[in-house]
Amino acid sequence: MMDLDRIPEALEIVTEDETEPVVVQKHRLSSIMPIVIFSYIGVTIRLGLSFLGNNQTPLNAAFWTNFVGCFIMGFFVEQKMHIHNHFSQLYIGLTTGLCGSITTFSGLMYNSCVALFGPSSHYTYPISNYLSVITSAFASSFVGFTIGRHLSIFLLPSSSTTTKRIQYLNSSVRIWLFPILLVFSIPILILLAVLLPYGRYTYFIYSIIFAPFGSLTRYALSVLFNFNPNFPLGTLFANILGSYIYFGMVAINEYVPALSPLVKQILISIIQGYCGCLTTVSTFILEIDTIKKRKYIYLYFVMSLLPIQIVYIILGDIFSLICSPSS
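Fair warning: this is a prediction, and the values are worked out from it, not measured in the lab.

1. Side note on the overall build of the chain
Then, in step 1: Helix and strand counts for the chain stand at 13 helices and zero strands.
Then, in step 2: Walking the chain from its N terminus toward its C terminus, one meets helices and strands in the order α-α-α-α-α-α-α-α-α-α-α-α-α.
Then, in step 3: In the chain, once contacts between residues fewer than 6 apart in sequence are set aside, the share between residues at least 24 apart is 83%.
Then, in step 4: Surface accessibility of the chain: about 16000 Å² in total, with carbon and sulfur atoms responsible for 69%.

In structure tokens:
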């Protein structure tokens with residue numbers, strides 16, 4: 001076990017290679033399989049966390065998923081060198097697939113809009129609610145990320161027997177693990193979607209089916225555009241694009257008349273599955289933490305929020321109830 005007094009020191013001496021953004025330099029086709037498998041798990045965790053409290057409350061809806069996802073991200077980022085050296089596909093699955101699918105930037109943007117346009121007895125309350133959702137969600141996400149890093153260093157120092165045992169196990173399963181899981185998971189999900197009777201939670205299965213498409217779109221954008229470590233355009237594009245699609249799906253679901261219950265479930269699945277996995281808070285927090293120049297941190301943060309919030313607020317004002325929770 002590592003001494004608690006050494007944790008801050010360990011965090012300070014981590015090399016640049018150990019804290020580089022999630023998208024690693026070698027992008028191989030084999031990375032797709034772990035992203036798909038872990039996106040199934042990530043979206044399931046996110047949908048499950050929505051039952052921890054009143055999900056119709058904007059702050060609660062934005063808090064737990066992003067805190068938990070960023071906590072897990074921080075934990076595995078500190079183990080990056082070990083995991084990546086011995087099982088690189090596992091690392092990208094855990095970070096891009098799992099954590100990226102648990103957290104959702106588009107959901108956070110939508111819930112801030114809900115807080116702004118929700119019912120209020122005083123004209124200053126919506127602004128206060130809006131700022132509280134934005135501030136609390138990002139602050140808690142960063143706290144979760146930091147706690148995860150500290151806990152990872154404390155529990156799994158590089159010399160621990162647990163870490164060595166993980167290395168041994170990786171060598172025996174890394175070749176066939178994800179291909180086998182992928183081959184079995186696809187027909188199982190299709191059968192569940194076809195055979196299970198339609199119900200209130202049908203969107204769970206459809207969301208899991210849509211999840212890999214969102215995660216893989218985000219991964220593709222990061223491969224294409226994350227060439228500047230001081231300004232990761234890939235994640236920026238993914239968060240903006242996913243948030244716009246999210247808003248469009250909500251508008252269709254709320255305002256297009258005569259939609260069948262099944263179509264509404266599919267729209268919710270696109271929102272939760274595709275858009276929720278296309279956008280990410282965990283990678284966003286990691287990139288904020290690893291960008292070296294402070295001016296780029298502020299620019300990246302503002303450019304990630306401003307285009308989304310401008311569109312949401314303008315259209316939310318036009319459709320006065322578009323950001324209100326469904327009754």
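Resuming the write-up.
2. Topic: the packing of aromatic side chains
Then, in step 1: Tallied over the entire structure, the rule returns 16 aromatic pairs.
Then, in step 2: Their ring planes at 75° and their centres at 5.7 Å tell us that F231 and Y300 sit as a pair that is edge-to-face. One end of the pair, F231, is in the loop between α9 (202–225) and α10 (233–255); the other, Y300, is in helix α13 (residues 294–318), and 69 residues separate them in sequence. Assigned by exposure class, F231 and Y300 land together as buried.
Then, in step 3: Ring centres of F247 and Y312 lie 4.9 Å apart, and the angle between their planes is 45°; on these two criteria the pair is classed as tilted. Here the residue F247 occupies a position in helix α10, and Y312 occupies one in helix α13, the gap between them amounting to 65 residues. This pair shows no difference in class: F247 is buried, exactly as Y312 is.

3. Re unusual backbone geometry
Then, in step 1: Despite not being glycine, A258 shows a phi value in the positive range, around 60°.
Then, in step 2: As for its placement among the helices and strands, A258 is situated in the loop between α10 and α11 (261–278).

4. Focus on the pattern of salt bridges
Then, in step 1: Taken as a whole and assessed by the stated rule, the structure comprises two salt bridges.
Then, in step 2: When the shortest N-O distance is used, the salt bridge between R149 and E78 registers 2.5 Å. With R149 in helix α6 (residues 125–155) and E78 in the loop between α3 (58–77) and α4 (80–102), the pair connects residues that are 71 residues apart, well separated along the chain.
Then, in step 3: Judged by its relative accessible area of 17%, E78 is buried.
Then, in step 4: D289 is paired through a salt bridge with R149; the nearest N and O atoms lie 3.2 Å apart. Highlighted residues: D289 in helix α12 (residues 282–290) and R149 in helix α6, separated in sequence by 140 residues.
Then, in step 5: The exposure class assigned to R149 is buried, which follows from its relative accessible area of 11%.
Then, in step 6: A cluster of three or more residues bridged by salt bridges with shared partners is formed by E78, R149 and D289.

5. Here's the deal with helix α2 (residues 32–49)
Then, in step 1: The end-to-end C-alpha separation of α2 is 26 Å, in line with the 26 Å expected for 18 residues at 1.5 Å each.
Then, in step 2: Turning to α2, its buried residues are P34, I35, V36, I37, F38, S39, Y40, G42, V43, R46, L47 and L49.

6. A short note on the environment of R149
Then, in step 1: Along the backbone, R149 and M73 are 76 residues apart, and their C-alpha atoms lie at a distance of 8.2 Å.
Then, in step 2: Within the structure, R149 has its side chain in polar contact with the side chain of D289 (distance 3.2 Å).

7. Comments concerning a nonpolar patch on the surface
Then, in step 1: Together, I175, W176, I180, V183, F184, I188, L192 and L196 make up a nonpolar patch on the protein surface, roughly 850 Å² of accessible area in all.
Then, in step 2: Within the secondary structure layout, V183 lies in helix α8 (residues 177–195).

8. Things to note about α9
Then, in step 1: Taking 1.5 Å as the rise per residue, α9 with 24 residues should run 34 Å; its terminal C-alpha atoms sit 35 Å apart, in good agreement.
Then, in step 2: Roughly 30° is the biggest bend found in α9, and it falls at F210, with proline P212 one to four residues downstream.

9. Topic: the packing of α6 against α13
Then, in step 1: At a minimum axis distance of 14 Å, the contact between α6 and α13 shows a crossing angle of 150°. In this structure, α6 meets α13 at a crossing whose hand is right-handed. Judged by residue contacts, Y130, I134 and F138 of α6 engage F301, L305, Q309 and I313 from α13.
Then, in step 2: Split by residue class, the contact of α6 with α13 holds six nonpolar, one polar and no charged.

10. Description of the nonpolar core
For soluble globular proteins, nonpolar side chains are generally found buried alongside one another.
Then, in step 1: Grouped together as the largest cluster of nonpolar side chains are 70 residues, with contacts concentrated most on F105, L108, M109, F138 and Y312.
Then, in step 2: Not counting the four nearest positions on each side in its chain, F138 is found in contact with F105, L108, M109, F284, I285, F301 and L305.

11. Some details on the packing of helix α5 (residues 105–117) against α10
Then, in step 1: Interhelical geometry of α5 versus α10 gives an angle of 55° and a closest axis separation of 8 Å. Accordingly, the angle class assigned to the pair α5 and α10 is oblique. The two elements α5 and α10 meet at a crossing, and its hand is right-handed. Contacts between α5 and α10 involve F105, S106, G107, M109 and Y110 from the former and N239, G242, S243, Y246 and V250 from the latter.
Then, in step 2: Looking at side-chain class alone, the contact of α5 with α10 contains five nonpolar, five polar and no charged residues.

Definitions and limits used
Residue positions within a chain follow its written sequence, with the count starting from 1. Reporting of local features is limited, given that this is a predicted model, to residues whose pLDDT is at least 70; pairs of side-chain atoms are given and counted only at 80 or more, and all residues count toward the totals for whole chains, interfaces and linings. Hydrogens and water molecules were not included; the side-chain quantities draw on all heavy atoms of the structure. Secondary structure is summarised from DSSP: a helix means a run of H or I of at least four residues, a strand means a run of E of at least two, and numbering begins at the N terminus for each. In this analysis, two residues are considered to be in contact whenever any of their non-hydrogen atoms come within 4.5 Å of each other. Under the convention used here, a 1.4 Å probe and the Shrake-Rupley method define accessible areas, while residue burial counts only the protein chains that appear. Pairing of aromatic rings covers Phe, Tyr and Trp, the last through its six-membered ring, and needs centres within 6.5 Å; plane angles under 30 degrees mean stacked, over 60 mean edge-to-face, and all others mean tilted. Throughout, exposure labels follow a simple rule: accessible area from a 1.4 Å probe, protein chains only, divided by the maximum for the residue type, with under 20% read as buried, over 50% as exposed, and the rest as partly exposed. Any Lys or Arg side-chain nitrogen located within 4 Å of an Asp or Glu carboxyl oxygen qualifies as a salt bridge. The span one expects for a helix is its residue count, reduced by one, times 1.5 Å. Here a polar contact is recorded for every N or O atom pair within 3.5 Å, except that within protein the pair must consist of a potential hydrogen donor and a potential acceptor, and residues adjacent in sequence are included only if both atoms are side-chain atoms. Like-charged residues within 9 Å of one another, or nonpolar side chains (Val, Leu, Ile, Met, Phe, Trp, Tyr) within 5 Å, are grouped into patches, provided each residue has over 30% relative accessible area and no salt bridge. Bending is quantified residue by residue as the angle between axes fitted to the seven-residue window ending at that residue and the seven-residue window starting at it. Angular values range over 0 to 180 degrees, each being the angle between N-to-C directions of two axes fitted as lines to C-alpha atoms, with helices fitted over their stretch in contact. Each crossing gets its hand from how the near helix is turned against the far one by less than a right angle, where anticlockwise is left-handed and clockwise is right-handed. Nonpolar residues are Ala, Val, Leu, Ile, Met, Phe, Trp, Tyr, Cys and Pro. Charged residues are Asp, Glu, Lys and Arg, and all others, Gly as well, are polar. To form a nonpolar core, buried Ala, Val, Leu, Ile, Met, Phe, Trp, Tyr and Cys residues must be joined to one another through side-chain atoms within 4.5 Å. Under this scheme an angle from 65 to 115 degrees is roughly perpendicular, one under 35 degrees roughly parallel, and one over 145 degrees roughly antiparallel; angles in between are oblique.

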